[in-house]
Amino acid sequence: MKKYDFVLVGAGLYNGTFAYLARQAGKRCLVVEKREHLGGNVYCAEIEGIDVHRYGAHIFHTSDREVWDFVNSLAEFNRYTNSPVANYHGEMYNMPFNMNTFSKMWQISTPAQAKAKIEEQRAGIVGEPKNLEEQAIRLVGRDIYEKLVKGYTEKQWGRDCKDLPAFIIKRLPVRYTYDNNYFNDLYQGIPIGSYNVIVEKLFEGCDVEMGVDYLEKKAYYDSLGERVVYSGMIDAYFQYRFGKLEYRSLRFETELLDEENYQGVAVVNYTDRETPYTRVIEHKHFQFGTQPKTVITREYPVAWEEGMEPYYPVNDEKNQALYQRYAQLAEQEEKVLFGGRLGAYQYYDMDKVIRAAMEAARKELGV
């Protein structure tokens, strides 16, 4: 009989949800986390009474009623609606692309005019789009592509849009209504008191070790538990046997400003190529804050290197083929369950992470 039923590697939402359901079923859990805090990328730090999203903006949105009820059982959510703004050389445009965007871009006022303008501008792309640039123009026309897609995307991926595969943007949200709500989901908001309130409840009753690398003491931690739930990098688990999967990473520059309101909205995307960061987050607006000071974070995309935090899987054909080889190895690991953003090499929204963890836990626990 081992000391724990589950050793959970990583303390993000996937393992948090799994641990919560396992604890409810009376299971003993040990959490092993490389960072010095729980919560993974949803962790928040408090500065001057403002909840600061340490690893980029996290806005909870879902149409999954069970997931929404689950997170609301852990914390009360406010009514925050994501309505980012795009800044192109000082010109401000509403996101997602909607009638407010089109009206500003082309001085028009009706959906019919907007549709005609986009139709006219995409006419030059014939046949199957060969790259991301052609795909984007096909979807939204050349003006919107040039001002609001091209520069942002090239910064995000570190390469020219003509060198990026078309499938990266299968769709771009286009609305012929004056609606600035970025998401189409039924439910949306930010937990009052920050995501830390949810995270603390998810891991309640677990033993926790922070600041430790599971892979450095793998045999020891494996000996403690009947099963391992691994949410780290799948290629690292297998010591990069087939080579390294590619990621994009982020660098954050956070600043406390002695002013009440810096940009008037939580998120501003900088869509020109010349501005080195992709967006500026003003954290107080997530909670409708009225503090006398404000905290902003500039977000810089960077090429991932070993030792950095991997944020976005590069889901092109080459990397997907490599991941499939690791996934086949993972299936042979009888004691280990792989999941989460890094374990599944997949970019997940938060609700999808929770849903995946719920399903894995129920299957594992037989409930």
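This text goes with the structure placed above it.
Residues numbered from 1 in each chain as written. Predicted model: local features only at pLDDT ≥ 70, side-chain atom pairs only at ≥ 80, totals over all residues. Heavy atoms only, no water.

Engineer: Hey, could you go over the sheet that holds strand 1 (residues 4-9) for me, with residue numbers and the actual values?
Structural biologist: Strand pairing in a sheet relies on backbone hydrogen bonds. The paired strands run either parallel or antiparallel. If you trace the 5 strands from one edge of the open sheet to the other, you get 9-2-1-10-16, paired in parallel fashion. The outermost strands of the open sheet, each flanked by one partner alone, are strand 9 (207-210) and strand 16 (336-338). On average, adjacent strands in this sheet sit at an angle of 15° to one another, irrespective of strand direction. The strands that helix 1 (residues 13-24) touches are strand 1, strand 2 (29-33), strand 10 (225-230) and strand 16; relative to strand 1, the one it contacts most, it runs at about 165°. (Pairing = 2+ DSSP bridges. Helix = DSSP H or I, 4+ residues; strand = E, 2+ residues; numbered from the N terminus. Axes fitted to C-alpha atoms, helices over the stretch in contact; angles between N-to-C directions. Contact = heavy atoms within 4.5 Å.)

Engineer: An account of the layout of surface pockets is needed here, citing residue identities and associated values.
Structural biologist: Counted as a void, the second largest pocket has a volume near 330 Å³. Taken together, 18 residues line the second largest pocket, and the ones lying closest to its centre are Tyr14, Leu337, Phe338, Gly339 and Ala360. For the lining of the second largest pocket, the secondary structure elements donating two or more residues are helix 10 (317-331), strand 16, helix 11 (340-343) and helix 12 (350-365). Top element by residues in the lining of the second largest pocket is helix 12. It accounts for 5 residues. Broken down by class, the residue content of the lining of the second largest pocket amounts to 11 nonpolar, 3 polar and 4 charged. (1 Å grid on protein atoms, 1.4 Å probe; cavity = no way out; pocket = protein on both sides within 12 Å on 5 of 7 lines; lining within 4 Å. Points joined across faces, edges and corners; volume = space filled by probe spheres on them. Nonpolar A, V, L, I, M, F, W, Y, C, P; charged D, E, K, R; others polar.)

Engineer: Report on the side chain of arginine 279, specifying residues and quantitative values.
Structural biologist: Inspection of the secondary structure puts arginine 279 in strand 13 (residues 279-282). Look past the residues within four positions of arginine 279 in its chain and what remains in contact with it is Ala57, Tyr152, Val267, Val268, Asn269, Tyr270, Thr297, Arg298 and Glu299.

Engineer: Go over the environment of arginine 54 with me, naming the residues and quoting the values.
Structural biologist: Relative to the elements of secondary structure, arginine 54 occurs in the loop between strand 4 (50-53) and strand 5 (60-62). The exposure class of arginine 54 is partly exposed, given its relative accessible area of 37%. Residues arginine 54 and histidine 283, spaced 229 residues apart in sequence, show a C-alpha to C-alpha distance of 9.8 Å. Sequence-distant contacts of arginine 54, defined by excluding residues within four places in its chain, comprise Tyr43, Ala45 and Phe252. (Buried < 20%, exposed > 50% of the residue type's maximum accessible area, 1.4 Å probe, protein only.)

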